[in-house]
Structures are given as C-alpha cells and as structure tokens.
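One letter stands for each residue in the lines below.
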Amino acid sequence: INRICLPLIKNIRTAKATGLCFIVVPYYHYNFLTARLMSRTLLRLCNLLCPGPSFTSWRVLVTSAWPLKLQHAPFKALGTDTFLIVAPGGIILNTADADVISQVLARGQDFPKATEIYRSINIYGRNVVSSDGPIWRHHRKITSPAFSERNNHLVWKETLDRTQAMLASFVGADGQFRTVEHIARDTTRLSLEVMGRACLGEKLEWPSNIVGNNRQLGESCSDTVSQSFTSSLEYVALHIVSIMAIKALPEWIIRTILFIPCKKSLEAYDDWGRHMRSMISRKRSEIKTGFVEAAATDLIGQLVRSQDDFVDGKSQRVALTDSEVLGNLFVFIVAGHETSANTIHFALLLLALHPMAQKMAQSELVKIFKGRPIASWSFDQDLPLLLNGMLGAVLNEVLRLISLVLTIPKVVTSPSQSLLVDGNEVQIPGKTLIRLCVPAVHRNPKFWPSGPPTDPGKLLFPLDNLDNDLGEFKPERWLDRSRTRLSTAEKGYGSPAPTPCSSDDNSGLYTPVKGAFIPFSDGQRSCLGRRFAQVEILTALAVILSEYSVELAVDEWASDEEVRKMASDKRREVWSKARQKGEFALQNKLVSIITVQLNGTSIPLRFSKKGHERFYDL
Ligand code: HEM
C-alpha cells in the first residue's frame, strides 16, 4: 500500500490537476529492476490471458519499445499530441507536438536533460553527455571548440579515403562485386576508422588488413583481448552495453566475477583505458615539442591542448583533468560511431529500395563533380552543394524516417514549470520526466506537409499514416523550400538557445517547423557532433554513388547466372521478392540498443559500377 497504491493515487491526482490526457500504468518504466521483474511476470501473464493490446493499452505503454514500434499511433488514437503516463514510481509526459518540443528545448534551465538515465556512460570519467549544471557548462565550453571546421575537414578527408577502401573490399577474387551480406558491419568499421583518425588521431589498421570481409566484428580480438589499439577499440565499441552494465555493479562483485565473457569485457575496458591514457600523455608531449599539426585538428589533440591553454591562462581550475579528457573521448566514440554507421547503413538500404531516388542523387553528383577524380574534391566548394542538394535531402529523409535516437529525455525542475499545450497554459509538476518522442513528431501530419499515400492499398505498420505519405521514403519532400512554417518559439515564446554549429544548416532545403525535426535534438544540449556526422555520412554516400549503384541482392531467389539470363518480367519478380523482404525487415525488425538498428537480420546488398546495374531498368 505504501509503495504502490498511495504513490499511485497521489500521482493520479497530480496528473488530473494538469488537465492533460493521462493513462495509468502499474509500474514505472525507468525503475529498471521493477520494470524487468514486472515485464517478465505481470505483463507476460496479462498478454497470455488477454487479447492483443490496443495502441493505448498500459501493456504497450510500459514497454521501452513503444516509441519505435508504434510511432505516432498512440497519439493519434488518444486524439492528442501530449499525454501523461502515470505510474506509482513517477509521471512521464510524452509529446509529439512540435510546439511543446520547441518550448522544452528552448528552456534548458527549466527542462534540463534527464542525466540520471546516462549515468552508466561515466565509466572512463565525467563528460559532456552525462553531466548537468555548472559541470556540464564547463565540459561543453571546453569540448565544443574541438568540433571545429578543421576537424570536419579531417572527417571529410578520412571518409573519402576509407570509403574507397570499403568499396574495394566488396570486390571478390574474380574482380566482380560480391554480395555484401552484412553491410552494417562494414559501415561500423568505416565509422570507427573515421573516428580513429578524426577523434583520436590514429590511423586504424585492422589485423587482417582487409576491411569489410565477412568476418564478425570483434573477431580480431584474441581470446585474451588483443593488445593492439584497434582491436581493443573495436571490442569496446562492439560491447559497450555489456561493459557499461558490468561497470555499474559494485567493484567487489566485478573483481570476483570469474566467468569468461565478463572477464573479457573487463580486460577490454582496462586495455582500452590504458591505451588511451598513454595516448593522452603522448599527445601532450607532441604538443610540447612543437608537433602541433596533427594535435591541433583531431579531437584528442584539441582537448589536450585546451588543458595547457587553461593552465597557462588565468584560472588553473578550468582545465579538464586527464580522466575527463578520456571520459569525453569515450562518449564521442559512443555517441558518434554507431549513429553515423547506422545512418549510412539505412541510407544505403533505403536507396536500394528506392532506385528512382538513387538515380536522382546520382545525376546531381554528376553535375557537382563533373567526372573529377575523388582526390580533387573540395571540402569548401563541394560539401555545401552536397548538404543543400539531393544528397542532403536523402540524409534528412533517412533521419526523419528512422530516428536513431528514439526519445530525448528531459526533466521538469521543481516545483513546476508552465508549458503552452494546444494554446492552454499547463503547469507540469516538478520531477515529471519528459519524453520528446522523435519518431512520432517526425511523422505527425500536423507539422509536416504531406501528400496522399503512393499505394493506398498497402498496409503500413503501425497503422497511423494511412492517409498520408509521411511513412514513406521521399527525399524530394526536402527540395521544396516554399513549405517553411513558423513555430511558437519563432513567434517569441521562450528564447531558442544557441546551437553549437551555425554553419551546418541545410539552408538550401525545406525548413520544417521548429521542434518537428529533431534527429540531433536542439537547443543548448543539441548534438555536438552534428556537423561531424553530416560530413561523414554525406561524404561516404557521395563516394559510393558517384561511381557505383547499390541494389538489393537477390541470391536467395536466383544465382548471378540465372539473373543474367532472365527476361525483365522475371527480374522484376525476383526484385519484388527482395523488396518485400527488405521492407518487412525495416518495418518489423528494428530495435533500439543505445541507437536504432536492425536486429537478428540483415538486408544483403550488391554494389555495381554505374551502367552495370541489374534491376535499374525495371
Ligand atoms: C547521425 C548521427 C548522430 C545523431 C542522430 C546524433 C543524435 C544526438 C542526439 C539526439 C543527442 C541529444 C541526446 C539527449 O539530449 O538525450 C546527441 C547528443 C550528443 N552527441 Fe550526437 N548524434 C550523432 C552523431 C554524433 C557524433 C558523430 C558525435 C561525436 C563525434 C556526437 C556527439 C554527441 C555529444 C557529445 C552529445 C551530448 C551533447 C550535450 O549533452 O551537451 N554525436 N546526439
């Protein structure tokens, strides 16, 4: 009674007082242990005994996956874009309303980041992602300048180079492109290589010296975890979730754990930390001895240099400690490698599923590069054209359709904060957790111009965008700039906080209402690596599409020889099978583990020289 009923009654009263729509659930999703226990007992039992839950059932809303699986559907079913979930452990405000989102993001003091959720990321030291208040301001002030245009230039150069190496690895022994079964592994490696150079100043060498072969990521580690930096970085990147889970345990439990997977993760953790500490001190001596060139552009060099700048300056207190430099480098890798890798992965899948969009992007690349060799591509001249053209539209559309970060968590400072919801001033109680539901607002027809669905007979899951085309991949929607609308924040409610990079806007593309497009969040806690990611993803796609096309592989239904002999109707048939399978996977097999990714399945792809495609003429 004391732990469940009374708090629940109190929370229901508080929720009622807001006047917002609310749904009562029996347990609080963010109470990890209770949620695990209840989902295995009560939820499982109810799901066994009762018919399939509706979009607004508590059985759905207590799961962490609903923002991914149901997107805008619960909001549509409830007839509101902002509703509360009320549990004994607390109240969660969910919103898919661009106006509410832009108010929350603009008022960082009133609605700070819910850093509790990110505590487990502190394993190497305090950092900009998981801190708040003055400590966060201190980290942000020191780390922001590292994400400079000089660093982005390094990202550009490294991505040009590593993408060509990745493409070369797709060619089989017979000189022909082979089917790439797990493209996500290759894009992960590509992204780690770019991170290695632009973040840590290291040219990563894989032990096999071949990127993208069908070897499992992480296999390069020997049983005891290799001493080499690349292997330990790869191992840590691949096992981040389990390493963070182990490190959340008390030290005495950790040190007495004997079973092998945990030991390996711990060794990798120690190994990478050791590598990084010696790298930091090496950087420091490189800077001292005047070897500044490399140190000045990669992120590690800039963070280490900022330590010296501050020590030599007026206030000695301001510098980051070595452990904080390490903590920040670690979160840059966590926040940056998987997000960029998965975006490139999803962009390639969606382009393979939509050959018309791919052709449009390719013809624009012909106009931009006019057949110039990659070595002569220019960061200053060519990148803005990519960002503001069809490829920029492809990137935005991928990020709109598959939001890598599902929800952006904020918390209400006590005692309460007011918000304008549908024109009414609402008092949101202190400590309420706010979830900005990214996939839902990205598909909310209230905030996006939309057309009719391309194929009204085709069912989409979830069934929430049947009367519009917002569930479809249509990069062209970003090319019409006349669609810009105004938001509450622009009309003067609250003052939008400065974003880190002002030069990274795709100003040549359609500008959605403020708060409607938030793949990188917005306001004072927006993504520090936004421009880094944009440069990396666009550059990789430009290298691939300037000379090659990407198609769905059909090996499951026909061999290369059979495809060669097929008439066009037969080819269309096998391609349709591959398309159906690919679309099914994208609609049903996405999961969110730190970021959104395909789980337990992959969509095989085939690259080909332009002009040698197998299904382009269909
Ligand atoms: C497509 C790629 C990326 C996406 C979609 C993305 C998305 C996001 C989002 C939504 C946030 C806000 C999270 C929150 O407030 O809960 C964020 C924060 C952050 N991101 Fe990214 N990110 C990407 C790439 C990168 C890269 C490449 C880096 C670094 C190299 C990076 C570094 C950071 C950092 C340091 C923060 C924390 C900023 C702060 O709290 O002050 N991100 N990112």
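Residues numbered from 1 in each chain as written. Predicted model: local features only at pLDDT ≥ 70, side-chain atom pairs only at ≥ 80, totals over all residues. Heavy atoms only, no water.

1. Re the overall build of the protein
Okay, so step 1: Across its full length, the protein holds 25 helices and 12 strands.
Okay, so step 2: Considering the protein as a whole, with its 618 residues, one finds that 56% of them fall into the buried category.
Okay, so step 3: Looking at the protein alone, contacts between residues at least 24 apart form 74% of all its contacts between residues at least 6 apart.
Okay, so step 4: Summing over all exposed atoms, the protein offers an accessible surface of approximately 26800 Å²; the carbon and sulfur share of this is 56%. (Helix = DSSP H or I, 4+ residues; strand = E, 2+ residues; numbered from the N terminus. Buried < 20%, exposed > 50% of the residue type's maximum accessible area, 1.4 Å probe, protein only. Contact = heavy atoms within 4.5 Å. Areas by Shrake-Rupley, 256 points an atom, 1.4 Å probe, with all protein chains shown as cover.)

2. So, the sheet that holds strand β12 (residues 605-609)
Okay, so step 1: Spatially, β4-β12-β9 is the arrangement adopted by the three strands of the open sheet, whose pairing is antiparallel. The outermost strands of the open sheet, each flanked by one partner alone, are β4 (179-180) and β9 (548-552).
Okay, so step 2: Direction of pairing for β9 relative to β12: antiparallel, over a ladder of five bridges. Bridge pairing in β12 places Val550 opposite Phe607. (Pairing = 2+ DSSP bridges.)

3. A few points about the pattern of salt bridges
Okay, so step 1: Enumeration according to the criterion identifies 32 salt bridges in this entry.
Okay, so step 2: Put simply, Glu286 and Lys283 hold a salt bridge, and the shortest N to O gap is 3.6 Å. Of the two residues, Glu286 and Lys283 both sit in helix α14 (residues 260-288), three residues apart, roughly one turn of that helix. Per residue, the accessibility class of Glu286 equals that of Lys283, and both read buried. (Salt bridge = Lys/Arg side-chain N within 4 Å of Asp/Glu carboxyl O.)

4. A word on the nonpolar core
Okay, so step 1: Of all hydrophobic cores here, the largest spans 175 residues; its most connected members are Trp272, Leu329, Leu386, Leu586 and Phe607.
Okay, so step 2: Among the elements that take part in this core, helix α17 (residues 322-353) stands out by supplying 17 residues, more than any other.
Okay, so step 3: Inspection of this core shows a minimum of three residues originating in each of domain 1 (1-119 + 406-448 + 479-504 + 512-518) and domain 2 (126-403 + 524-551).
Okay, so step 4: Not counting the four nearest positions on each side in its chain, Leu386 is found in contact with Trp156, Leu365, Ile368, Phe369, Leu391, Gly392, Leu538 and Ala542. (Core = buried A, V, L, I, M, F, W, Y, C linked by side-chain atoms within 4.5 Å. Domains from an automatic or database assignment.)

5. Things to note about the site of the ligand
Okay, so step 1: Taken together, 28 residues lie near the ligand, and Tyr118, Trp136, Arg140, Arg525 and Cys527 sit nearest.
Okay, so step 2: Take Val128: an N or O atom from its main chain is 3.5 Å from an oxygen atom of the ligand.
Okay, so step 3: Arg140 places a side-chain nitrogen or oxygen 2.7 Å from an oxygen atom of the ligand.
Okay, so step 4: Counting residues per element, the ones that place at least two in the shell around the ligand are α8 (133-143), α17, β5 (407-411) and α23 (530-547).
Okay, so step 5: Considering each element in turn, the shell around the ligand owes the most residues, six residues, to α17.
Okay, so step 6: Considered class by class, the residues forming the shell around the ligand number 18 nonpolar, seven polar and three charged.
Okay, so step 7: Three or more residues apiece are contributed to the shell around the ligand by two domains, here domain 1 (1-119 + 406-448 + 479-504 + 512-518) and domain 2 (126-403 + 524-551). (Near = heavy atom within 4 Å. Polar contact = N/O pair within 3.5 Å; in protein donor to acceptor, adjacent residues only side chain to side chain. Nonpolar A, V, L, I, M, F, W, Y, C, P; charged D, E, K, R; others polar.)

6. What to know about the confidence of the model for the protein
Okay, so step 1: When pLDDT is averaged across the protein, the result is 87; 88% of the residues are at 70 or more.
Okay, so step 2: In the predicted structure, residues 209-227 sits below a pLDDT of 50 and forms 50 contacts with residues beyond four places in sequence or in another chain.
Okay, so step 3: Predicted confidence for residues 484-504 stays below pLDDT 50, and this span has 48 contacts to residues more than four positions away or in other chains. (pLDDT = per-residue confidence, 0-100.)

7. A closer look at the packing of aromatic side chains
Okay, so step 1: Here the structure, examined in full by the defined rule, presents 18 aromatic pairs.
Okay, so step 2: Residues Trp66 and Phe75 carry aromatic rings whose centres are separated by 6.0 Å and whose planes lie at 50 degrees to one another, so their mutual orientation is tilted.
Okay, so step 3: A centroid spacing of 5.3 Å and a plane angle of 70 degrees characterise the contact between Tyr124 and Trp272, whose relative ring orientation is edge-to-face. Residue Tyr124 is found in the loop between α7 (98-106) and α8, and its partner Trp272 is found in helix α14; the two are separated by 148 residues along the sequence.
Okay, so step 4: Members of the aromatic cluster, each reached through a chain of ring pairs, are Tyr124, Tyr269, Trp272 and Phe330.
Okay, so step 5: One cation-aromatic arrangement involves Lys113 over Tyr118; the distance from NZ or CZ to the ring centre is 4.5 Å.
Okay, so step 6: Note that Arg400 overlies the ring of Trp448, its terminal NZ or CZ placed 5.7 Å from the centroid. (Phe/Tyr/Trp six-rings, centres within 6.5 Å; stacked < 30°, edge-to-face > 60°. Lys NZ or Arg CZ within 6 Å of the ring centre and 35° of its normal.)

8. Observations concerning the packing of helix α2 (residues 32-40) against helix α3 (residues 42-49)
Geometrically, a packed helix pair is captured by the angle between its two axes and the distance between the axes.
Okay, so step 1: In contact at an axis separation of 3 Å, α2 and α3 are set at 30 degrees when each is read in the N-to-C sense. Overall, the two elements α2 and α3 adopt an arrangement that is roughly parallel. For the pair α2 and α3, contact is made by Met38, Ser39 and Arg40 and by Leu42, Leu43 and Arg44, respectively.
Okay, so step 2: In terms of residue class, the contact of α2 with α3 is made up of three nonpolar, one polar and two charged. (Axes fitted to C-alpha atoms, helices over the stretch in contact; angles between N-to-C directions. Parallel < 35°, antiparallel > 145°, perpendicular 65-115°, else oblique.)

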